[in-house]
Amino acid sequence: MTSTVPPAVPHTTAQPPITMFGPDFPYAYDDYLAHPAGLGQIPATEHGTEVAIVGGGLSGIVTAYELMKMGLKPVVYEADQIGGRLRTVGFDGCSAAGDEGVLNCELGAMRFPPSSTALQHYIDLVGLTTQPFPNPLAESTPSTVVDLKGESHYAETLDDLPAVYRQVAEAWNACLEEGADFSDMNQAMRERDVPRIREIWAQLVEKLDNQTFYGFLCDSKAFTSFRHREIFGQVGFGTGGWDTDFPNSILEILRVVYTEADDHHRGIVGGSQQLPLRLWEREPRKIVHWAPGTSLSSLHDGAPRPAVTRLHRTAGNRITVTDASGDIRSYKAVVFTAQSWMLLSKIDCDDDLFPIDHWTAIERTHYMESSKLFVPVDRPFWLDKDEQTGRDVMSMTLTDRMTRGTYLLDNGPDQPAVICLSYTWCDDSLKWLPLSANERMEVMLKSLGEIYPKVDIRKHIIGNPVTVSWENEPYFMGAFKANLPGHYRYQRRLFTHFMQELLPEDKRGIFLAGDDISWTAGWAEGAIQTALNAVWGVMHHLGGGTDATNPGPGDVYDEIAPVELPED
């Protein structure tokens, strides 16, 4: 989520690249995926065994794809549409020539950092391409306007902004060094120095688990100025400011900045939902048991099973799944990839499905709200030049007004284009919740009109607005998880659930996956990492194992297990 504050250590090709390798579980998922030996195998006696996958988002589809390659028969249940929060939609009423297939909007994930190397494996696998995403002050962004307290500043680089913004950037860098050993951790992660990563992180988890993001700033000598904290919250190092994240655990923020998840973002050309859809249709070259040409789609006759309505345990320690059609099937193994609150409300679950400590962790899950609104426009008019100043007439915009973040998405000169009029979080998102798409658009146009009084955005709009509020989506109830202070123990229980040998036998066989089970909720990389954990868990549960040359996450778990804080 690049913005006006750069990372503490500038990106350079002279060093090893930073990846989402840790800090909580420093395992090389990218190497595991790339190894010629594959992810492992199951006994021939289990070939064709059905495994239920609840949820057809990225985590569910990756899980299903990899289990299918091993010779299992994944049965995917999806309440809405394949993709989950990788949701790409078009515009109704848009009649501009040449817009078909070009004009779309990303209601969920829309930008991905290069540090997401497991994600990149699948992007490459299905033949998708990426392009720079126009974040604030990114190289691919022509210009940025920062508008705070009614005062606007136009910038093409950070140096174009008033000195106070550079002071805030310096304060953030100093704060990270002072309170979180940033440079040491960044270097250890680049070098994949597991002992050093674990040493630094163990100390920080113990020290900071009870600390909020805002409290971390306040404790820093660099952020003694309230004005600096306020500007950082409104503009920050994230899109539209990170003041909405201030109540969350500082550990959540450190994971983002250590892994440069906030930097160098790229978008998927044609839309992110193509990734799970192409995996659904893909026929793997190397596949066990199934005939050449088999795909997830062909195993499901083209469509997944409908929503799951009940999960319960039955004789033989099987897990029985009831779906919305009334169909009842029993499985040796189930992977649950939907957002975990679904287990508390939408799905009727037996209490003995999970240990009580895991139920507690699920109940304590804290989700962030988020909303977006997009409009299609006739052309990238924002690149027109103001006759008096010579500047772009409109820019990527960060503001403390209702819109918060506005993004300009260009498809080329004179081609129809898209504006994300507003991207908001938490309380800012809840302000929009009662309003229709058109009501939202009117408020946003008013706010932007105050920033750009010479620009008539409305005259360029060529179709109906498209909006989403993820907290109001019935199968999501929030955009993504964000742990509060004191939640580390809960997160550890959920992430480590795939290691089931120490669980009672009557608590095994169902595996949790998805980005909210990962340490990096809200990032596609976390969805994939937990999917691969679940694949290993199912394989192990059914008597399979990995090749000795390519140990899986469970094989090396004892060496790199997440920090365990005392319960008493």
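Up top is the structure.
Computed from a prediction, not measured in an experiment: that's the story for all the values here.

(A) Inspection of the overall build of the chain at higher detail. Along the backbone of the chain there are 17 helices and 21 strands. For the chain, the C-alpha radius of gyration of 24 Å lies close to 24 Å, the compact-globule estimate for 568 residues. For the C-alpha atoms alone, the extent of the chain along its principal axes is close to 75 × 55 × 45 Å. Within the chain, contacts between residues at least 6 apart in sequence are counted, and of these 74% link residues at least 24 apart.

(B) Expanded view of unusual backbone geometry. With omega at 10 degrees, the peptide bond leading from glycine 22 into proline 23 counts as cis. Along the chain, proline 23 falls in the segment before helix 1 (29-34). In this structure, leucine 137 takes a positive phi of about 65 degrees despite not being glycine. Structurally, the position occupied by leucine 137 is in the loop between strand 5 (130-132) and strand 6 (144-148). Of note in this structure, lysine 149 is not a glycine but carries a positive phi near 55 degrees. Its place among the elements puts lysine 149 in the loop between strand 6 and strand 7 (151-155). Using a relative accessible area of 62% as the deciding quantity, one classes lysine 149 as exposed.

(C) Seen up close, the sheet that holds strand 10 (residues 318-323). The strand order across the open sheet formed by four strands is 11-10-9-13, and the pairing between neighbours is mixed. Of all strands in the sheet, those with a lone pairing partner are strand 11 (328-331) and strand 13 (348-349), marking the two edges. When strand 10 meets strand 11, the two strands line up antiparallel, connected through four bridges. Following the sheet pairing, isoleucine 319 is matched in strand 11 by tyrosine 331.

(D) Representation of helix 6 (residues 194-208). Over its 15 residues, helix 6 runs 21 Å from end to end, which matches the ideal 21 Å to within 8%, given 1.5 Å per residue. When helix 6 is considered as a whole, its buried residues turn out to be Ile197, Ile200, Trp201, Leu204, Val205 and Leu208. Buried residues of helix 6 fall within an arc of 130 degrees about the axis and therefore sit on the same side. Summarising the geometry of helix 6, the exposed residues directed more than 90 degrees from the buried face are Pro195, Glu206 and Lys207. On the buried face of helix 6, the contacting elements are helix 4 (163-180), helix 5 (182-190), helix 7 (213-218), helix 9 (250-258) and helix 15 (488-495).

(E) Spotlight on the packing of helix 6 against helix 9. Relative orientation of the contacting elements helix 6 and helix 9 amounts to 150 degrees, with a least axis distance of 10 Å. Judged on the interaxial angle alone, helix 9 and helix 6 are roughly antiparallel. Residues Trp201, Leu204, Val205 and Leu208 of helix 6 lie in contact with helix 9, whose contacting residues are Ile250, Leu251, Leu254, Arg255 and Tyr258.

(F) The arrangement of the pairing of strand 9 (residues 308-314) in detail. Note: strand 9 against strand 10, six bridges, orientation antiparallel. Within strand 10, the position partnered with valine 308 by the bridge is aspartate 323. If you look at the hairpin formed by strand 9 and strand 10, you'll find three residues sitting between the two strands, and glycine 316 has a positive phi there, around 80 degrees. Pairing of strand 9 with strand 13 involves two bridges; the strand directions are parallel. For arginine 310, the partnering residue across the bridge sits in strand 13 and is aspartate 348.

(G) Examining empty space enclosed by the protein more closely. A complete count under the given rule lists seven cavities of 30 Å³ or more for this structure. By volume, the largest cavity amounts to about 750 Å³. Forming the walls of the largest cavity are 50 residues, and the residues nearest its centre are Gly84, Arg85, Leu86, Phe476 and Asp515. Here the residues of the lining of the largest cavity are counted per class, giving 26 nonpolar, 15 polar and nine charged. What lines the second largest cavity is a set of 21 residues, and nearest its centre among them are Trp242, Asp245, Val256, Phe480 and Ala521.

(H) Looking closely at the pattern of salt bridges. Scanning the model with the defined rule gives 32 salt bridges in all. The partner of glutamate 66 in a salt bridge is lysine 69, and the shortest N-O contact between them spans 3.3 Å. In this pair, glutamate 66 and lysine 69 both sit in helix 2 (residues 58-69), three residues apart, roughly one turn of the helix. For glutamate 66, a relative accessible area of 4% translates into the label buried. Between aspartate 147 and arginine 401 there is a salt bridge, with the nearest N and O atoms lying 2.7 Å from each other. On the criterion of sequence distance, the pair formed by aspartate 147 in strand 6 and arginine 401 in the loop between strand 16 (396-399) and strand 17 (405-409) is long-range, its members being 254 residues apart. For the pair formed by aspartate 147 and arginine 401, the shared burial category is buried.

(I) Broad picture of the sheet that holds strand 2 (residues 73-77). A sheet is described by the order of its strands in space; here four strands give the open sequence 2-1-12-21, paired in parallel fashion. In the strand order of this sheet, the two ends are held by strand 2 and strand 21 (510-512), each with one partner. Between one strand axis and the next, the sheet turns through 20 degrees on average, direction left out of account. Where strand 1 (residues 50-54) lies against strand 2, five bridges are found, and the strand directions are parallel. Looking at strand 2, one finds that glutamate 50 is bridged to lysine 73. The sheet strands contacting helix 16 (residues 524-541) are strand 1, strand 12 (334-336) and strand 21, and the helix crosses strand 21 at an angle near 165 degrees.

About the thresholds
- Residues numbered from 1 in each chain as written.
- Predicted model: local features only at pLDDT ≥ 70, side-chain atom pairs only at ≥ 80, totals over all residues.
- Heavy atoms only, no water.
- Helix = DSSP H or I, 4+ residues; strand = E, 2+ residues; numbered from the N terminus.
- Rg over C-alpha atoms; globule rule 2.2 N^0.38 Å.
- Contact = heavy atoms within 4.5 Å.
- Buried < 20%, exposed > 50% of the residue type's maximum accessible area, 1.4 Å probe, protein only.
- Pairing = 2+ DSSP bridges.
- Expected span 1.5 Å × (residues − 1).
- Arc of directions from axis to C-beta.
- Axes fitted to C-alpha atoms, helices over the stretch in contact; angles between N-to-C directions.
- Parallel < 35°, antiparallel > 145°, perpendicular 65-115°, else oblique.
- 1 Å grid on protein atoms, 1.4 Å probe; cavity = no way out; pocket = protein on both sides within 12 Å on 5 of 7 lines; lining within 4 Å.
- Points joined across faces, edges and corners; volume = space filled by probe spheres on them.
- Nonpolar A, V, L, I, M, F, W, Y, C, P; charged D, E, K, R; others polar.
- Salt bridge = Lys/Arg side-chain N within 4 Å of Asp/Glu carboxyl O.

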